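Each chain, written out:
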Amino acid sequence: MQVRPNAAKETLSQGGTIFSSAVRLPEPGLCEILGYAGFDFVLLDNEHGALSPVAIDRLVQGCLAGDTVPIVRVLRNHDPEAIMLALDLGAQGILLPHCRTAQDARDLQQAAYYAPRGNRGFGPGRGNRWGAISKEDYFAGIDDSILLIALIEDIEGVENVEEIAATGLDVLWTGTGDLAMAHGVPGERDHPKVLDASKRILDACLENGVAAGFPARHAEDVEWAREQGYRAIGFGGAENLLMAQSRSLLSSVGR
């Protein structure tokens, strides 16, 4: 028996584009629904969401039920234990917030990979199907099945993005919300300073053969992002999608 394949990572390796949404509330059914809807991966948001280790465990199960890839957004940078725990619970990737330097990216790799590529502690659970996978098959496939994403959302991260892109992560994601905050224009994701920063991130990714990620707000954003060369595109979160659809429905009947 082999390690569970990571379909999102395989799509990227073949030059394709992947789509994601996120979940903040500890409700596995939301992950399952997003998977059935067709999202390549679901981001389990442990930075902004109400997620305990028990909740992450259940949300991973929801993703797998919906045949989508569970990726955990850890709470903070420089937290190898949180990265290890998320992967031991069956997450197939990690999103690192506030990646500011190439060393941050290398630290992510060290925490996510086993020796000799990294220094992740050994204690697999769902990742080796609770022991159903032999030790040999597990180590032969597990590192290559993990999708690593760094969120570039600080001025320092943008200034170092060329070096970060050269470390070999799978995706560098443009954090337009925090970039707007960092440039003193809260909420203005289309501000020229944010667009300039986003362009520098994209250029670094294209130069280094790394997929660039972009947070889309509507279909027009997706069309634009794909034309620019982004290959990982996010659509808010399940909670936002539910609110938007609910407001649209009620507005249409005068509420």
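Coordinates for the structure precede this section.
Description of the structure in this document. In this text, all values refer to a predicted model and were calculated from it rather than measured experimentally.

One pass over the structure, following the stated rule, counts 14 salt bridges. Between K199 and D203 there is a salt bridge, with its nearest N and O atoms 2.8 Å apart. Remark: D203 and K199 occur in helix α10 (residues 192-208); sequence separation between them is four residues, near one turn of the helix. A single salt-bridge network, built from bridges that share partners, covers R24, D45, E47 and R73.

This part is about the packing of aromatic side chains. The relative placement of two aromatic rings is captured by the distance of their centres and the angle of their planes. Counting across every chain of the model gives 11 aromatic pairs. Seen from their ring centres, Y114 and Y138 are 5.8 Å apart, and the 65 degrees between their planes marks the pair as edge-to-face. A residue pair is termed long-range when its members are at least 10 positions apart, and Y114 in the loop between α5 (102-112) and α6 (135-141) and Y138 in helix α6 qualify at 24 residues. Taking the relative accessible area as the measure of exposure, Y114 reaches 4% and is therefore buried.

Bringing the side chain of S198 into the picture now. Mapped onto the secondary structure, S198 falls in helix α10. When sequence neighbours within four positions are dropped, the list of residues in contact with S198 reads T174, T176 and Y230.

Before going further, it helps to examine helix α12 (residues 238-252). It helps to recall that an α-helix has 3.6 residues per turn; residues three or four apart then point in one direction. Along its 15 residues, α12 runs 21 Å from first to last C-alpha, staying within 8% of the 21 Å computed at 1.5 Å per residue. Looking one or two residues past α12, G254 carries a phi angle of roughly 85 degrees, positive in sign.

Right, let's get into the pairing of strand β1 (residues 18-23). In terms of burial, β1 is a largely internal element, five of the six residues being buried. Across four bridges, the pairing between β1 and strand β2 (residues 41-45) is parallel. Within β2, the residue paired with V23 across the bridge is L44. Handedness of the crossover is the feature at issue here: the chain leaves β1, passes through helix α2 (residues 28-37), returns alongside β2, and the resulting connection is right-handed.

Another point: the environment of G125. Residue placement: G125 occurs in the loop between α5 and α6. Placed 36 residues apart in sequence, G125 and L89 show a C-alpha to C-alpha distance of 6.2 Å. Discounting chain neighbours no more than four positions away, the residues touching G125 are D88 and W130.

Of the residues making up helix α11 (residues 219-228), those classed as buried are D221, V222 and A225. Along α11, the residues classed as buried sweep out an arc of 100 degrees about the axis, all on the same side. Residues of α11 that are exposed and point more than 90 degrees away from the buried face comprise A219, E220, E223 and E227. One or two residues past the end of α11 sits G229, with phi positive at roughly 115 degrees.

With that settled, consider the packing of α2 against helix α3 (residues 53-65). For any two helices packed against each other, one specifies the crossing angle of their axes together with the interaxial distance. For the pair α2 and α3, interaxial distance at closest approach is 7 Å and the crossing angle is 25 degrees. When the interaxial angle is binned, α2 and α3 end up roughly parallel. Where α2 crosses over α3, the two elements pack in a sense that is right-handed. Across from P28, C31, E32 and Y36 in α2, the residues of α3 making contact are R58, L59, G62, C63 and A65. In terms of residue class, the contact of α2 with α3 is made up of six nonpolar, one polar and two charged.

About the cut-offs
- Residues numbered from 1 in each chain as written.
- Predicted model: local features only at pLDDT ≥ 70, side-chain atom pairs only at ≥ 80, totals over all residues.
- Heavy atoms only, no water.
- Salt bridge = Lys/Arg side-chain N within 4 Å of Asp/Glu carboxyl O.
- Helix = DSSP H or I, 4+ residues; strand = E, 2+ residues; numbered from the N terminus.
- Phe/Tyr/Trp six-rings, centres within 6.5 Å; stacked < 30°, edge-to-face > 60°.
- Buried < 20%, exposed > 50% of the residue type's maximum accessible area, 1.4 Å probe, protein only.
- Contact = heavy atoms within 4.5 Å.
- Expected span 1.5 Å × (residues − 1).
- Pairing = 2+ DSSP bridges.
- Right-handed = clockwise from strand over helix to strand, strands pointing away.
- Arc of directions from axis to C-beta.
- Axes fitted to C-alpha atoms, helices over the stretch in contact; angles between N-to-C directions.
- Parallel < 35°, antiparallel > 145°, perpendicular 65-115°, else oblique.
- Left-handed = near helix turned anticlockwise from the far one by under 90°.
- Nonpolar A, V, L, I, M, F, W, Y, C, P; charged D, E, K, R; others polar.

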